[in-house]
Amino acid sequence: MAEPTSPRWAAGARRLARGCWSTLWDYETSKVVVVKNRRLGIVYRAVQLLILLYFVWYVFIVQKSYQDSETGPESSVITKVKGITTSEHKVWDVEEYVKPPEGGSVFSIITRIEVTPFQTLGTCPESIRVSNATCHSDDDCVAGELDMLGNGLRTGRCVPYYHGAAKTCEVSGWCPVEDGASVSQFLGKMAPNFTILIKNSIHYPKFQFSKGNIADRPDSYLKHCTFDERSDPYCPIFKLGFIVEQAGENFTELAQKGGVIGVIINWNCDLDLAASKCNPKYSFRRLDPKHVLASSGYNFRFAKYYKANGTTTRTLIKAYGIRIDVIVHGQAGKFSLIPTIINLATALTSIGVGSFLCDWILLTFMNKNKVYSHKKFDKMAAGPEQSPGQGLSASEPPHQGSVPTDPKGLAQL
């Protein structure tokens, strides 16, 4: 026959059950201690104000963190150059001075050329600019030697140079070599008046938003307008001289040595506003480092081939020009509930930094930091150990060691 359950065990079980339910349903709040200190109060409110201003002004107004955003729009660029110019010997049109002619986002406008005409396959002196090309006798030239920076295969002979008393090793290749017979021609006289049409359209797939940089007007509109940020922002026709000037460069110097100019189109769109408020912003700057002689300037070579008296002949052209790189970037944003909630929660949490800072000052630097510590933290002394299942009855007074220590009052703070 089982022994009846002890009343003391039953009372302990009931108290344990009540304690479990209490942890589920009771509300707990932190203890607040009011410290009468004006300087500390000013620091506390100042920190809160700075945090509040940061989130309201910078996070929400400047950064628009209440929006969902998308960077890097899908973009297409089509360009077209128009204009004619002259050199010492001929008239040049678009088909000759624009490379490549397809009208992409990167193209070059030739402003100066060094022409080496009537080159044929044969033997001739190597360029004096090539390393180890100078010589005094045939012994200085090794037959069959090929210099990757030279103009041909060395024959082993030492021959007089094109001008002067110098001698260089003879090579087999396209002769005469470039610096032996090249003629310079300047094409930049009328180049500042060349016009460049830049067609650009962008698409933000996340928001299904598309727009172009040309106004929806009759075709004749583009034939008579040029870009003006105020009066014609949707006429993307720029004069080459205007682009170079906006990049802060001297056109004559740039045309002589060549260079790379970036046309940057920025589409920053707030899609909470009307589509008409999303407009392209243009900026211009030089991309090649003009102060570094080894990498400044821009030039390239190409040749034109023809037959002369049954012999294959070519004209070698070293072209200096202004390369235009059209670069498109931007960011679109639209209100979204999720980033708004996240940033609001971050702002409210960050306000607590003021309390943490002031607590640290009180506990570390204030004269009465021990008084504050006693008021902020209740230190409970451990009571006598009790046997399992044994609890305090309602009539039993609390142990003397369990009373919170409070040696000084709030007035001491």
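Residues numbered from 1 in each chain as written. Predicted model: local features only at pLDDT ≥ 70, side-chain atom pairs only at ≥ 80, totals over all residues. Heavy atoms only, no water.

### Section: the overall build of the chain
Thought 1: Check the secondary structure of the chain and you find 10 helices and 16 strands.
Thought 2: For the chain, the residues scored as buried account for 34% of the 413 residues in total.
Thought 3: A separation threshold of at least 6 residues defines the contact pool for the chain, and within that pool the share at least 24 residues apart is 69%.
Thought 4: Here the chain displays about 26,200 Å² of accessible surface, and carbon together with sulfur accounts for 57% of that area. (Helix = DSSP H or I, 4+ residues; strand = E, 2+ residues; numbered from the N terminus. Buried < 20%, exposed > 50% of the residue type's maximum accessible area, 1.4 Å probe, protein only. Contact = heavy atoms within 4.5 Å. Areas by Shrake-Rupley, 256 points an atom, 1.4 Å probe, with all protein chains shown as cover.)

### What about the packing of aromatic side chains?
Thought 1: Applying the stated criterion across every chain, the model contains 15 aromatic pairs.
Thought 2: Between the aromatic rings of Trp57 and Tyr58, the centroid separation amounts to 6.3 Å while the plane-to-plane angle is 40°, which identifies the pairing as tilted.
Thought 3: Judged by relative accessible area, Trp57 falls into the exposed class, the value being 53%.
Thought 4: The partly exposed category is assigned to Tyr58, whose relative accessible area is 32%.
Thought 5: Lys99 extends its terminal NZ or CZ atom over the ring of Phe302, reaching a point 4.8 Å from the ring centre.
Thought 6: Between the NZ or CZ atom of Arg112 and the centre of the ring of Tyr320, over which it lies, the distance is 4.1 Å. (Phe/Tyr/Trp six-rings, centres within 6.5 Å; stacked < 30°, edge-to-face > 60°. Lys NZ or Arg CZ within 6 Å of the ring centre and 35° of its normal.)

### Structural notes on the nonpolar core
Thought 1: Tyr97 and Leu240 are the most contacted members of the largest nonpolar core, which totals 47 residues.
Thought 2: Ignoring sequence-local partners within four residues, the contact set of Tyr97 consists of Val81, Lys82, Gly83, Ile84, Thr85, Trp92, Ser108, Ile109, Ile110, Leu187 and Phe194.
Thought 3: With seven residues, the next largest nonpolar core counts Ala215, Tyr221, Tyr234 and Cys235 among its residues. (Core = buried A, V, L, I, M, F, W, Y, C linked by side-chain atoms within 4.5 Å.)

### With respect to a positive patch on the surface
Thought 1: On the surface, a cluster of positive charge is made up of Arg8, Arg14, Arg15 and Arg18.
Thought 2: Within the secondary structure, Arg18 sits in helix H1 (residues 7-25). (Patch = residues over 30% accessible without salt bridge, like charges linked within 9 Å, V, L, I, M, F, W, Y side chains within 5 Å. Salt bridge = Lys/Arg side-chain N within 4 Å of Asp/Glu carboxyl O. Lys, Arg positive; Asp, Glu negative; His and termini not counted. Charge placed at Lys NZ, Arg CZ, Asp CG, Glu CD.)

### Some words on the pairing of strand S7 (residues 152-160)
Thought 1: In terms of strand pairing, S7 meets strand S8 (residues 167-175) through six bridges, oriented antiparallel. Following the sheet pairing, Val159 is matched in S8 by Thr168.
Thought 2: Between S7 and S8, which follow one another and run antiparallel, lie six residues, and Gly164 among them has a positive phi close to 85°. (Pairing = 2+ DSSP bridges.)

### Some words on the packing of helix H2 (residues 38-62) against helix H9 (residues 353-364)
Thought 1: Interaxial distance between H2 and H9 falls to 8 Å at its minimum, and their mutual angle equals 150°. Considering their axes alone, H2 and H9 lie roughly antiparallel with respect to each other. In this structure, H2 meets H9 at a crossing whose hand is right-handed. Across the interface between the two elements, Leu40, Val43, Tyr44, Val47 and Ile51 from H2 touch Val353, Gly354, Ser355, Leu357, Cys358, Ile361 and Leu362 from H9.
Thought 2: Residue classes in the contact of H2 with H9 are distributed as 10 nonpolar, two polar and no charged. (Axes fitted to C-alpha atoms, helices over the stretch in contact; angles between N-to-C directions. Parallel < 35°, antiparallel > 145°, perpendicular 65-115°, else oblique. Left-handed = near helix turned anticlockwise from the far one by under 90°. Nonpolar A, V, L, I, M, F, W, Y, C, P; charged D, E, K, R; others polar.)

### Description of unusual backbone geometry
Thought 1: Put simply, Lys99 and Pro100 share a cis peptide bond, and its omega is -15°.
Thought 2: Tracing the sequence through the fold places Pro100 in the loop between strand S5 (98-99) and strand S6 (106-125).
Thought 3: Here Phe118, not a glycine, exhibits a phi torsion of approximately 55°, which is positive.
Thought 4: Inspection of the secondary structure assignment puts Phe118 in strand S6.
Thought 5: Within the chain, Gln208 stands out as a residue other than glycine whose phi angle is a positive 55°.
Thought 6: Tracing the sequence through the fold places Gln208 in the loop between strand S10 (195-204) and strand S11 (209-212).
Thought 7: Gln208 sits in the exposed class, given a relative accessible area of 63%.

### A short note on the state of the cysteines
Thought 1: Taken as a whole, this structure holds five disulfides when the rule is applied.
Thought 2: Between Cys225 and Cys235 runs a disulfide, and the two sulfur atoms are separated by 1.9 Å. Here the disulfide of Cys225 and Cys235 is right-handed, its torsion about the S-S bond being about 90°. Of this pair, Cys225 sits in the loop between helix H5 (220-224) and strand S12 (237-239) while Cys235 sits in the loop between H5 and S12, and the two are 10 residues apart along the sequence. (Disulfide = S-S within 2.5 Å.)

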